[in-house]
Amino acid sequence: MKLFSKLLACIALVLTACAPQNNGNVYNVMSYGAVGDGVTDDAAAIQKAIDACSEAGGGQVVFPAGKTFLSGPVELKSNVDYHLEVNSVWRANPDESIYHLSAFKANEGEGMMWIWTKDTKNISITGQGTIDGNGIAFMGAELLDSYELKELADPGFDPRPHVLTLIGVNKLQIRDVTITNGAYWTVHLIGCYDASIIGISLLNNLKIRNGDGIDIDHSRKVRIADCYITSGDDCICLKNRREWEEYGPCQDITVTNCVMSGRSCAIKIGSENMDSISDVLIDNCVIKASNRGIGIQNRDEGTVTNVVFSNIIIEGYFFSDVWWGKAEPIYVTSYPRATSNHKDGNWRFPKGETEGRCGEVSNIWFRDIICNSENGSFIGGDVPEKVHDIYLENINMTLAKRTGYPGGVYDKRPCKGEGFINDKTYGVYIETASNISLRDVKVNNSLDNYGGEVKKINVR
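About the cut-offs
Per chain, the residues get numbers from 1 upward, laid out in the order the sequence is written. Selection of residues for local features in this predicted model requires a pLDDT of at least 70, selection of side-chain atom pairs for listing and counting requires 80 or more, and totals for whole chains, interfaces and linings are taken over all residues. Only hydrogens and water are set aside; all other atoms, that is, all heavy atoms of the structure, feed into the side-chain values. Secondary structure follows DSSP: runs of H or I at least 4 residues long count as helices, runs of E at least 2 residues long count as strands, and numbering of each begins at the N terminus. Atoms considered for the radius of gyration are the C-alpha atoms alone. The globule rule reads 2.2 Å times the number of residues to the power 0.38. Think of it in three bands: with a 1.4 Å probe and only protein chains considered, a residue is buried below 20% of the maximum accessible area for its type, exposed above 50%, and partly exposed in between. In what follows, a contact means two residues having at least one pair of non-hydrogen atoms within 4.5 Å. Put simply, two rings from Phe, Tyr or Trp (the six-membered ring, in Trp's case) pair if the centres are within 6.5 Å, and we call them stacked under 30 degrees between planes, edge-to-face over 60, tilted for the rest. Strand pairing is assigned whenever DSSP detects at least two bridges linking the two strands. Across the chain, each position has a pLDDT score giving the predictor's confidence in that residue, from 0 to 100. Every case where a carboxyl oxygen of Asp or Glu lies within 4 Å of a side-chain nitrogen of Lys or Arg is listed as a salt bridge.

Enquirer: Would you explain the overall build of the chain in this entry?
Expert: In terms of helices and strands, the chain carries two helices and 35 strands. In terms of C-alpha radius of gyration, the chain reaches 24 Å, essentially the compact-globule figure of 23 Å for 460 residues. Across its three principal directions, the C-alpha atoms of the chain cover 100 × 45 × 40 Å. By residue count, 56% of the 460 residues in the chain fall in the buried class. Considering only intrachain contacts with a sequence separation of at least 6, the fraction spanning at least 24 residues in the chain is 76%.

What follows is the structure in structure tokens.
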């Protein structure tokens with residue numbers, strides 16, 4: 001009998017050793033079968049740890065220090081802190097065939113989801129580790145100004161994975177982690193409420209197109225602070241994509257104490273905006289070596305109102321036409337999109353429509369901004385009433401040559417008709433707008449093609 005008891009005790013010890021080891025509410029992914037060698041796909045093991053943690057009422061899923069976890073798509077669950085310890089790496093599997101969850105519903109032409117969640121709550125992503133989108137693995141040949149996009153077998157299906165697609169999350173926090181090498185959009189908040197992104201380093205390759213940093217889409221009560229972002233497209237972008245219209249407007253957004261550098265627009269509102277974007281404060285930021293500094297690029301029927309940009313330093317350079325923008329430090333526009341040539345329209349327009357239309361941009365303030373750029377600022381719309389009540393106060397602009405690009409051009413893309421305006425360089429170029437207030441706007445110029453401090457065309 002004693003021998004039998006000892007045998008049972010031994011079996012119990014073996015079963016305990018083989019079972020996932022959790023310290024309270026802490027779930028180590030390696031206890032659920034993750035290998036962490038950077039070669040084995042650990043997606044199934046990571047998902048098991050997440051599911052167990054969420055089903056137990058919540059806790060922390062840990063990626064231990066010094067390990068690299070390759071994985072395909074993983075779904076995040078509610079009430080979990082996803083914690084990456086020092087020098088841990090969570091890397092996207094480069095096998096394109098495993099990505100089939102669209103980041104935009106039926107529109108499969110703009111990338112798939114890798115790390116994602118939908119209609120969840122109390123999610124945090126923290127730690128001193130790295131989330132690596134493995135972006136270059138999904139690119140074609142490296143060119144002088146960019147990477148080629150691979151030729152797709154089906155033009156309507158792009159397998160490139162977005163890094164974080166966070167849909168309908170109530171109470172979200174991303175803190176301290178490094179996120180890098182996105183193959184497409186990097187951090188995409190859709191319909192999120194009460195979200196904060198604090199102290200992260202988001203370091204994308206500057207040659208990867210569509211490599212947005214943080215996209216705030218149909219979301220409310222969002223705070224971004226103390227972040228360092230490099231991006232091959234927009235660094236921080238506010239928008240309302242048509243695919244997610246059920247989540248309502250984008251409003252109550254703050255961005256502060258961030259340093260950014262991008263090949264398109266460092267801080268952008270638009271171009272996709274089918275709803276309203278309002279009550280936005282962007283303050284105390286530094287923008288370095290970007291193709292455009294601050295941009296409002298309204299191209300759909302939605303509106304942009306009540307936005308303040310203040311205490312910002314902007315450095316603008318010309319880059320190639322692969323990216324929108326012509327080194328405009330401040331850019332405020334509302335133009336309709338180009339007409340669709342598809343008989344049924346396309347997803348960028350309201351259902352059944354083939355003509356683009358754009359909403360108003362109004363009550364926008366720019367205060368206490370220093371600009372060092374190869375080009376001046378641009379304000380314009382399709383009719384004077386579309387862009388109005390725009391205020392520039394205490395703006396100091398230094399215009400000087402820094403690259404070999406010729407200059408003398410402003411970029412209206414995407415729009416109907418000609419996408420560029422070719423003219424001399426002005427401190428502020430205003431085309432078709434109303435009630436534009438310039439107060440204490442100073443221009444220091446060393447350009448040969450300088451036309452003056454302000455040019456106005458059809459301005460009321």
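Structure shown, so let's carry the discussion forward.
Enquirer: Help me understand the packing of aromatic side chains in this model?
Expert: Centre-to-centre distance and the angle between the planes together describe a pair of aromatic rings. If you walk through the whole model with that rule in mind, you get 14 aromatic pairs. With a centroid separation of 4.6 Å and 25° between ring planes, the pair formed by Phe 63 and Trp 90 is classed as stacked. Of this pair, Phe 63 sits in strand β4 (residues 59–63) while Trp 90 is found in strand β8 (residues 89–92), placing the two residues 27 residues apart along the sequence. Of the two residues examined, Phe 63 and Trp 90, each falls in the buried class. Consider the rings of Phe 309 and Phe 366, whose centres lie 4.9 Å apart with planes at 5°: the pair is stacked. Of this pair, Phe 309 sits in strand β27 (residues 303–316) while Phe 366 is found in strand β29 (residues 361–373), placing the two residues 57 residues apart along the sequence.

Enquirer: For this particular structure, what's the right way to read the side chain of Lys 386?
Expert: With respect to the helices and strands, the residue Lys 386 is situated in the loop between β30 (377–381) and β31 (387–399). Overall, Lys 386 belongs to the buried group, its relative accessible area being 14%. Leaving out residues up to four positions away in the same chain, Lys 386 has contacts with Ser 334, Cys 358, Gly 359, Glu 360 and Val 361.

Enquirer: What am I meant to see in the pairing of strand β21 (residues 236–240) here?
Expert: Counting buried positions along β21 gives five out of five residues, so the element sits mostly inside the fold. Summarising the sheet, strand β18 (residues 214–217) and β21 pair through four bridges and their orientation is parallel. Counterpart to Ile 214 in the pairing with β21 is Ile 236. In this sheet, strand β24 (residues 265–273) lies alongside β21 in parallel orientation, the contact comprising four bridges. Bridge pairing links Ile 236 to Ile 267 in β24.

Enquirer: Explanation requested: the confidence of the model for the chain in the structure shown.
Expert: Reading predicted coordinates in detail is not appropriate for stretches of low pLDDT. Averaged over every residue, the pLDDT of the chain is 93; the share at 70 or more is 93%. Every residue in residues 3–21 is under pLDDT 50, and counting partners more than four places away or in other chains gives five contacts.

Enquirer: Honestly, the pattern of salt bridges in this entry has me stumped. Any pointers?
Expert: Tallied over the full model, the rule gives 32 salt bridges. Measuring nitrogen to oxygen at the nearest pair gives 2.9 Å for the salt bridge that ties Arg 242 to Glu 301. Residue Arg 242 is located in the loop between β21 and β22 (250–256), and its partner Glu 301 is located in the loop between β26 (292–298) and β27; the two are separated by 59 residues in the primary sequence. Glu 301 gets classed as partly exposed once you look at its relative accessible area, which sits at 22%. Measuring nitrogen to oxygen at the nearest pair gives 2.9 Å for the salt bridge that ties Glu 328 to Arg 292. Of the two residues, Glu 328 is situated in strand β28 (residues 328–334) and Arg 292 in strand β26; the sequence distance between them amounts to 36 residues. Overlapping salt bridges, with partners in common, bring together Glu 110, Lys 239, Arg 241, Glu 243, Glu 272 and Arg 348 in one network.

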